[in-house]
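Observations on the three-dimensional arrangement
As a plain string of letters, each chain reads:
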Amino acid sequence: MPNMKQQHTLKPLLKIGDEVTAAWWPPSTPDITEVAPSGWYRGVISSYKTAHPNNKSSSSSNTNNYYGPVRSYSVNFDDGDVGSDIPEHFVFLHEEYEIMTMHDDDDREDDDAEDIVWKGVRTVTDRHSDDPWAKHV
């Protein structure tokens, strides 16, 4: 486990106006007949909520969560859709999302090209944490 001085660097706290790639899924209303498929789409953070240990929400970031405050984001997607209360583990800065998905070589035209190998980089998650970001990202 990291020490408390490292805590503030463990989890990114996105700001209003940040360009992101976020998960979008169709609303759960039964009368929608034509919707886009769920997926990852570009957008901009329009607001966020911070969950406190007592389960109240606020735009303040003072929580005692080990990895940092737990947030959900509202995203204005580039196609005009709006996503509300998207959990933080489904929202990434666009540049970070691009880097994380670089290993997907399915559409490469050059069959002889080597796979991208990240040297000295590994994903570390905390399966025992109550923080979804720490568990999955």
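The structure presented is a predicted model; accordingly, all values stated were derived computationally and were not measured.

With that settled, the discussion passes to the confidence of the model for the protein. On average, residues of the protein score 75 in pLDDT, and 63% of them reach the 70 mark or higher. Here strand S3 (residues 57-58) is the element of the protein with the lowest mean pLDDT, 44, and strand S1 (residues 19-24) is the one with the highest, 95. Between residues 53-64, whose pLDDT stays under 50, and residues either more than four places distant or in other chains, the model counts 23 contacts.

On to the environment of Gly 83, then. Looking at where Gly 83 falls in the secondary structure, it is placed in strand S5 (residues 82-87). Given a relative accessible area of 7%, Gly 83 falls into the buried group. Between the C-alpha atom of Gly 83 and that of Ala 23, which follows or precedes it by 60 residues, the distance is 8.6 Å. Residues contacting Gly 83, with those up to four places away along its chain left out, are Tyr 73, Ser 74, Val 75 and Phe 77.

Before going further, it helps to spend a moment on the side chain of Thr 21. Among the structural elements, Thr 21 can be located in strand S1. At 2.8 Å, the side chain of Thr 21 forms a polar contact with the side chain of His 94. Ignoring any residue separated from it by four or fewer positions in sequence, one finds Thr 21 in contact with Trp 40, Tyr 41, Arg 42, Phe 90, Val 91, Phe 92, Leu 93, His 94 and Tyr 97.

Calculation rules
Residues numbered from 1 in each chain as written. Predicted model: local features only at pLDDT ≥ 70, side-chain atom pairs only at ≥ 80, totals over all residues. Heavy atoms only, no water. pLDDT = per-residue confidence, 0-100. Helix = DSSP H or I, 4+ residues; strand = E, 2+ residues; numbered from the N terminus. Contact = heavy atoms within 4.5 Å. Buried < 20%, exposed > 50% of the residue type's maximum accessible area, 1.4 Å probe, protein only. Polar contact = N/O pair within 3.5 Å; in protein donor to acceptor, adjacent residues only side chain to side chain.

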